[in-house]
Amino acid sequence: MLTWNDILDYLANGNPDPPKVVECSEEDWKKRLTPEQYHITRERGTEAPDSSPENCVNFTPGLYTCVCCGNLLFDTKNKYNSRSGWPSFTQPVVNNAVRYMEDKTHGMKRVEVECNVCGAHLGHVFPDGPEPSGLRYCMNSIALVWHESSKDILATAVFGGGCFWCTEAIFKTINGVVKIEPGYAGGNIHNPSYKDICTGQTGHAEVIKVTYEPQVIDFATLVRIHLTTHDPTTLNYQGNDKGTQYRSVIFYETDKEKMAALEAIDEIARIYDNPIVTEVKPLKEFYPAEDYHSNYYERHIDEPYCKFVVEPKVVKYKKELSSLQKNVHK
Ligand SMILES: [Zn+2]
């Protein structure tokens, strides 16, 4: 979670790298946007307060993208009623969705917020928001497009590759990945607990559910990352973690995903001496793991398992995956 100190750090030491870059000539922006949208986003305009009172208090679950380029910016769950007259948020969806600029216009010293993909002016951020972030992203309503359904903006993939503390720590660093949930899938009992899983008798694998932006990264690339960030050639174990719960598996929800998974396995098989044993299975049910498993690596970084098992993996893969990673300094 970003706080004011992180924003000051970005201003002093440089902004996070964008998930991708969209460039367009001023002429093309003029064609694509209404005059008002163009004025606010490309000419750093500010809409009058209360221009869209209904938007300020719309808390129906949904997502907000950039009106210029479609970059995913905010989630309603981080929105609150600041009573300022502009839609207000406490966090962007991912740290590198927006960038920050010093703004000394109008005799004030403020921090301007721009879309990190296309440079659209979105609004400003202030350190007077509610806890825990203490941030208020004060946005021009016209710079945002609201989507009630996340269907066209986000997709999910479920992978098993051994201990989910490790796989979560690795996938979190990948550009276009918005959220990781550790959980269980592929077995035959309902709502299993971690204790049930540890018996190795449930048929479930320890998995992660990866929520990602298909605009930034595709399923096939995620599968390739998965296959190269654990050992897909060892049947029912990863290192010292033994049992069917640690099996290597890719779950698919469509035939297209199934094909992509099989093609990626064919392609990656060349880099391993032994055959790939990764299962490719239809996803029936994903059961989220107990809350204490989320961000396990980050929260238990000094524990022996994290120090000696998770950390070396993360360091190794960080090197190999550097071109796909978020460079967010955080
Ligand atoms: Zn944009």
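Described below are features of the structure shown in this document. (Residues numbered from 1 in each chain as written. Predicted model: local features only at pLDDT ≥ 70, side-chain atom pairs only at ≥ 80, totals over all residues.)

1. Side note on the overall build of the protein
Formally: Numbered from the N terminus, helices here are DSSP runs of H or I no shorter than four residues, and strands are runs of E no shorter than two. Any residue whose C-beta has 12 or fewer other C-beta atoms within 10 Å is treated as exposed, any with 20 or more as buried, and any in between as partly exposed, C-beta atoms being built from the backbone. The contact criterion used is a C-beta to C-beta distance within 7 Å, with each C-beta placed from the backbone.
When helices and strands are tallied, the protein shows 10 helices and 17 strands. Counting across all 330 residues of the protein, residues that qualify as buried make up 39%. Residue pairs at least 24 apart in sequence account for 69% of intrachain contacts in the protein once pairs closer than 6 positions are excluded.

2. Points about unusual backbone geometry
Here the residue pair Glu 131 and Pro 132 is connected by a cis peptide bond, since its omega of 5° sits within 30 degrees of zero. When you line up the elements, Pro 132 lands in the loop between strand 7 (121–126) and strand 8 (136–139). Phi is positive for Asp 50, which is not a glycine, with a value near 60°. Its identity is not glycine, yet Arg 83 carries a phi of approximately 60°, on the positive side. Along the polypeptide, Arg 83 turns up in the loop between strand 3 (79–80) and strand 4 (88–89). Classification of Arg 83 as exposed rests on a count of 10 C-beta atoms within 10 Å.

3. Some details on the nonpolar core
Defined as follows: We call a set of buried Ala, Val, Leu, Ile, Met, Phe, Trp, Tyr and Cys residues a nonpolar core when their C-beta atoms link them within 7 Å. Where each domain starts and ends comes from a domain assignment, either automatic or drawn from a database.
Of all hydrophobic cores here, the largest spans 73 residues; its most connected members are Cys 66, Leu 73, Cys 115, Ala 143 and Val 210. The greatest single-element share of this core, amounting to six residues, is contributed by helix 5 (residues 164–171). Here this core spans two domains, since at least three of its residues come from each of domain 1 (4–147) and domain 2 (155–324). Ignoring sequence-local partners within four residues, the contact set of Leu 73 consists of Tyr 64, Thr 65, Cys 66, Pro 92, Val 93, Ala 97, Val 98, Cys 115 and Leu 144.

4. With respect to the pairing of strand 16 (residues 279–282)
Stated formally: Following DSSP output, two strands are said to pair if at least two bridges run between them. Handedness is read with the strands pointing away from the viewer; a crossover is right-handed when the path from the first strand over the helix to the second is clockwise.
Pairing geometry for strand 15 (residues 248–252) and strand 16, over four bridges, is parallel. Within the sheet, the bridge partner assigned to Tyr 252 lies in strand 16 and is Pro 282. Where the polypeptide runs from strand 15 across helix 8 (residues 255–268) and back to strand 16, its parallel neighbour, the crossover connection is right-handed.

5. So, the pairing of strand 1 (residues 63–66)
As paired strands, strand 1 and strand 9 (residues 144–147) are joined by four bridges and run antiparallel to one another. What sits directly across from Tyr 64, in strand 9, is Trp 146. Examined bridge by bridge, strand 1 and strand 2 (residues 72–75) share three bridges and lie antiparallel to one another. Considered in strand 2, the bridge of Thr 65 is made with Leu 72.

6. What about the sheet that holds strand 6 (residues 110–115)?
Keep this limit in mind: Axis lines are fitted to C-alpha atoms, over the contacting stretch for helices. Their N-to-C directions set the angle, which ranges from 0 to 180 degrees.
Pairing is antiparallel in the open sheet, where six strands are placed in the order 3-4-8-7-6-5. Unpaired on one side and paired on the other, strand 3 and strand 5 (98–103) mark the two borders of the sheet. With four bridges connecting them, strand 6 and strand 7 associate as antiparallel partners. Directly across from Val 113, in strand 7, lies its bridge partner Gly 123. Against the sheet, helix 1 (residues 4–13) makes contact with strand 5, strand 6 and strand 7, and its axis sits at roughly 75° relative to strand 5, the strand it touches most.

7. Some remarks on helix 8
Think of an α-helix as turning once every 3.6 residues; residues three or four places apart then point the same way. For the record, the criterion: By this rule, a helix spans an expected 1.5 Å times one less than how many residues it contains. Note that the arc is computed from the directions linking the helix axis to the C-beta atoms.
Compared with an ideal rise of 1.5 Å per residue, which puts 14 residues at 20 Å, helix 8 spans 20 Å between its outermost C-alpha atoms and is within 8% of the ideal. Of the residues making up helix 8, those classed as buried are Glu 257, Ala 260, Ala 261 and Ala 264. Buried residues of helix 8 fall within an arc of 100° about the axis and therefore sit on the same side. Residues of helix 8 that are exposed and angled more than 90 degrees away from the buried face: Asp 255 and Asp 266. The inward-facing, buried residues of helix 8 abut helix 7 (219–228), strand 15 and strand 16.

8. Observations regarding the sheet that holds strand 11 (residues 177–185)
Across the sheet, six strands lie side by side as 16-15-10-12-11-17; this open sheet has mixed pairing. This sheet does not close on itself; its edge strands, each paired only once, are strand 16 and strand 17 (286–288). Direction aside, neighbouring strands of the sheet carry axes that sit 35° apart on average. By the bridge criterion, three bridges tie strand 11 to strand 17 in an arrangement that is antiparallel. Residue pairing in the sheet places Tyr 184 in a bridge with Tyr 287 of strand 17. Contacts between helix 5 and the sheet are confined to strand 10 (155–161), strand 11 and strand 12 (205–212), with strand 12 contributing the most and set at about 15° to the helix. Contacts from helix 8 reach strand 15 and strand 16 within the one sheet, and its direction differs from that of strand 15 by about 150°.

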